[in-house]
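Chain residues, written in single-letter form:
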Amino acid sequence: MAQLFTRDTQAIFWNNNKTAIQRMLDYDYTIKRTTPSVAAIVAPTSSNKFDKFFYGPDEVMIPLFKTTAEAKAAQPQADVLLNFASFRTAYDVTMEALNLGGFSSIMITAEGIPERLARGMNEFARSKNVTVIGPATVGGIVPGAFKIANVGGTIENIVQSKLHRAGSCGLVTRSGGLFNELSNIISINADGIAEGVAIGGDRFVGSVFIDNLLRMEANPEVKYMLLLGEVGGTEEYKVIEAIKAGKLTKPIIAWCIGTIAKYYDSGVQFGHAGASANDDRETAESKNNAMREAGIHVPGSFNDLPEIISAVYHELHAQGTIKDIKEPPLNLVPKSRRSKEFICTISDDRGEEAHYCGYPISSVATPDTGFTVGDVMSILWFKKRYPRWAVDFLETVLKTVADHGPAVSGAHNAKVTARAGKDVISSLIAGLLTIGPRFGGAIDGAAKYFKYADDHKLTPKEFLAYMKKEGTPIPGIGHRIKSLKNPDLRVEGLKKFAKEHFPSTPLLDYALTVEQLTTSKKETLILNVDGTIGILMVDMWRSLSYKDEEIDVFIDAGALNAFFILGRSIGFIGHILDEKRLAMPMYRHPMDDILYDVQKAEEL
Ligand code: ACO
Ligand code: LMR
């Protein structure tokens, strides 16, 4: 891989570090990336499903997952892991990702991973051909393509340091702070950087100088390289060997910081864990001298670096190796932005015509479009266009439950309300408010409990015992007037439809074995219309390859009762209009139909 990242690179960000993620997205917007560079966030302790971030003036939702495995399964194209776990967790997170596979690079920010573990982790990554940046790093950048987290700081600073588009220098440092400083120096004295990595300050880091320089040697965008090492370690000597072996041919500028160490009597441990010389070869001075001897451009001091950078750049420019850069147009991140209060993922009424999940209304409304009301339901309720058999089932349910005569709880209430002089909305709501666990609203409960019983392989007997312990009647079982002898033909119709059109109906088959047992106790304890709908919805979703977790979300949201609510609204409105048409007077319940059992109030 000649280039570490491209404009299509996407990352999984481990830990919801909002500032760092926002900085990545501001960068993406500025350089006009088409996809956000963060595809998913792993937030183990959050129960949220997504977080909102600004993308320019707008906001985008980035999905949250509890584990790396879930995030990777949902966003398999994201091949960079930005591991922002603490030093206690970072090792495990990295090892898990390496075992999962599918990552080309992993950046580890934590400082202080035990060295023994870090060595094993780095070796394991190398054996898997995964580039590890860090531990103890700010990360890296391919300007104009992908920027890790906080590299370069604020967006203003990034543009000022020419990190918004590729320059010619390949930059490798140990320190993150000095990485930013050098990006700035290079932008002032040359045309910016083509690729840059801060390899990290720990003694044992994943990718070392030579790994990065060899990649940059192969990257045609990189015309010369700058290495900023420091006292401690011998990695710089590998660079010298590579030059001698002809593996590194592009001009290299280098400097090792820490030359001041010689003025101290004993060894000095600088800020980084790796920044301490264990023998003479590891001192900054020895390494600078050796690099100078190998033909690397080594300044007399850090202060002379800008001059050398300018000289090397101008020479390559004069030779024609480096061409002038045409500044790309940039997006400007607005100074003030307001987070949106509401989110809508199903329809959009901006523009000339409103859309249902991307379908303009005119493309679904009329019969010639081939869309029916079931299609529109599947799109607006479940954000997917279902196959014909499933759409037909949704519509069959609506038509089946549209009405069941004036005597049932809801219709009765709607009629009484209409007769009290109330309008259609009030009367409809009065009817709808009766829908609940006993009447029409047992669909979700039936789906939940039968699914539970089937998932746990409970025999019908065990299921009944379980429900007894729960202390509730089995949702979806029982009817006031329907029984084995007086079967509910709606149920027969739904079962027939499913048997003819569903790919399979395992939950229905299970429910029928439960019904055999309940009706053997009492013949009204049939699988009722609510139960049949709930159970068949689960069979439908399973046939449509929904995952169990997704089905559970529908059930918990009350999506199944919604079929009864919508369908029965048709009937309720019919009854209300009937009352209005008949101009019926206010209803009063016959007193002789009420058992009055009022006692004298007790004295307190
Ligand atoms: N599970 C277990 N036992 C039940 C169930 C059930 N779902 N339903 C009734 N029983 C038992 C009762 O415990 C009672 O037993 P008992 O005689 O030993 O005391 C007996 O059957 C009669 O109970 P009732 O409540 O009088 O039965 P009723 O016929 O009045 O109730 C109802 C009908 C409300 C539908 C009831 O069966 C029930 O609550 N079912 C679960 C909820 C449900 O599915 N509702 C949707 C119905 S369809 C619709 O509304 C569109
Ligand atoms: C209905 O659909 O309303 C009925 O199943 C309920 C009832 O009491 O008949």
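Residues numbered from 1 in each chain as written. Chains lettered and ligands numbered in written order. Predicted model: local features only at pLDDT ≥ 70, side-chain atom pairs only at ≥ 80, totals over all residues. Heavy atoms only, no water.

**Some details on the domain arrangement of the chain**
For the chain, the assigned domains read domain 1 (11-319), domain 2 (353-401) and domain 3 (409-582). The distance between the C-alpha centroids of domain 1 and domain 3 comes to 59 Å. (Domains from an automatic or database assignment.)

**A few points about the site of ligand 2**
In the vicinity of ligand 2, the contacting residues are H404, V408, F439, H479, R490 and R568. Between ligand 2 and R490 there is a distance of 2.7 Å, counted from an oxygen atom to a side-chain nitrogen or oxygen. With the chains in place, 81% of the 260 Å² that ligand 2 exposes on its own is no longer accessible. When the residues that make up the shell around ligand 2 are grouped by side-chain class, the tally is two nonpolar, two polar and two charged. (Near = heavy atom within 4 Å. Polar contact = N/O pair within 3.5 Å; in protein donor to acceptor, adjacent residues only side chain to side chain. Areas by Shrake-Rupley, 256 points an atom, 1.4 Å probe, with all protein chains shown as cover. Nonpolar A, V, L, I, M, F, W, Y, C, P; charged D, E, K, R; others polar.)

**Some remarks on the packing of helix α15 (residues 443-455) against helix α19 (residues 529-543)**
The relative placement of two packed helices comes down to the angle between their axes together with the axis-to-axis distance. Interaxial distance between α15 and α19 falls to 7 Å at its minimum, and their mutual angle equals 60°. On the basis of the axis angle, α15 is oblique to α19. In this structure, α15 meets α19 at a crossing whose hand is right-handed. When α15 is examined against α19, the residues I443, A446, A447, F450, K451, D454 and D455 are found in contact with a partner set consisting of D530, G531, I533, G534, I535, V538 and R542. Of the residues that constitute the contact of α15 with α19, the class distribution is seven nonpolar, two polar and five charged. (Axes fitted to C-alpha atoms, helices over the stretch in contact; angles between N-to-C directions. Helix = DSSP H or I, 4+ residues; strand = E, 2+ residues; numbered from the N terminus. Parallel < 35°, antiparallel > 145°, perpendicular 65-115°, else oblique. Left-handed = near helix turned anticlockwise from the far one by under 90°. Contact = heavy atoms within 4.5 Å.)

**Some points on the nonpolar core**
Nonpolar side chains tend toward joint burial in soluble globular proteins. With 85 residues, the main nonpolar core has F13, L82, I186, Y224, V239 and L248 as its most contacted residues. When residues no more than four places from it in sequence are discounted, the contact partners of L82 are A11, I12, F13, W14, M24, M107 and I148. I435, Y449, I533 and V538 belong to the second largest nonpolar core, which has 59 residues in total. (Core = buried A, V, L, I, M, F, W, Y, C linked by side-chain atoms within 4.5 Å. Buried < 20%, exposed > 50% of the residue type's maximum accessible area, 1.4 Å probe, protein only.)

**Observations concerning unusual backbone geometry**
In this structure, the amide linkage connecting G134 to the following residue, P135, adopts the cis form with an omega of 5°. Examined against the element boundaries, P135 turns out to sit in the loop between β7 (131-133) and β8 (139-142). Of note in this structure, C357 is not a glycine but carries a positive phi near 45°. Overall, C357 belongs to the partly exposed group, its relative accessible area being 27%. Unlike most non-glycine residues, A583 shows phi in positive territory, near 50°. Tracing the backbone through its elements, the reader meets A583 in the segment after α21 (561-582).

**A short note on the site of ligand 1**
In the vicinity of ligand 1 lie 19 residues, with R438, G476, I477, R480 and N528 positioned nearest. A distance of 2.8 Å separates an oxygen atom of ligand 1 from a polar backbone atom of G476. Note that a nitrogen atom of ligand 1 is positioned 2.8 Å from one of the backbone N or O atoms of I477. Contact with the protein chains removes 62% of the 910 Å² of surface that ligand 1 exposes when unbound.

**Section: the sheet that holds strand β6 (residues 105-108)**
Taken together, seven strands build an open sheet; the order of strands is β3-β4-β2-β1-β5-β6-β7 and the sheet is mixed. If you trace the sheet from one side to the other, it starts and ends with β3 (50-55) and β7, each paired once. Strand-to-strand, the axes of this sheet are offset by a mean angle of 25°, without reference to chain direction. The sheet contact formed by strand β1 (residues 11-14) and strand β2 (residues 38-42) spans four bridges and is parallel. Note that in β2 the partner of W14 across the bridge is V42. The sheet contacts of helix α1 (residues 18-30) involve β1, β2, β3, β4 (58-65) and β5 (80-83), and relative to β3 the element is tilted by about 40°. (Pairing = 2+ DSSP bridges.)

**Details of the side chain of Q75**
Looking at the secondary structure, you find Q75 in the loop between α2 (68-74) and β5. Among the polar contacts listed, one links the side chain of Q75 to the side chain of Q77, at a separation of 2.8 Å. Sequence-distant contacts of Q75, defined by excluding residues within four places in its chain, comprise I12, A39, A40 and P63.

**Thoughts on the sheet that holds β8**
On the basis of which strands lie adjacent, the open sheet formed by six strands has the order β9-β8-β11-β10-β12-β13 and mixed pairing. Strands with a single pairing partner mark the edges of an open sheet, and in this sheet they are β9 (146-147) and β13 (252-257). As paired strands, strand β10 (residues 169-173) and strand β11 (residues 193-198) are joined by five bridges and run parallel to one another. Each residue of the ladder has a partner; that of T173, found in β11, is A198.

**A short note on the packing of aromatic side chains**
As enumerated under the stated definition, the model contains 21 aromatic pairs in all. When the centroid spacing of 6.2 Å and the interplanar angle of 75° are considered together, the rings of Y386 and Y546 count as edge-to-face. Separated by 160 residues along the polypeptide, Y386 in the loop between α11 (373-382) and α12 (388-401) and Y546 in the loop between α19 and α20 (548-557) bring together distant segments of the chain. This pair shows no difference in class: Y386 is buried, exactly as Y546 is. Taken together, the ring pairs connect W381, F382, Y386, W541, Y546, F554 and F563 into an aromatic cluster. Stacked on the ring of Y237, the Lys or Arg R281 has its end atom at 4.0 Å from the ring centre. Directly above the aromatic system of F371 lies the positively charged group of R385, at a separation of 3.6 Å from the ring centroid. (Phe/Tyr/Trp six-rings, centres within 6.5 Å; stacked < 30°, edge-to-face > 60°. Lys NZ or Arg CZ within 6 Å of the ring centre and 35° of its normal.)

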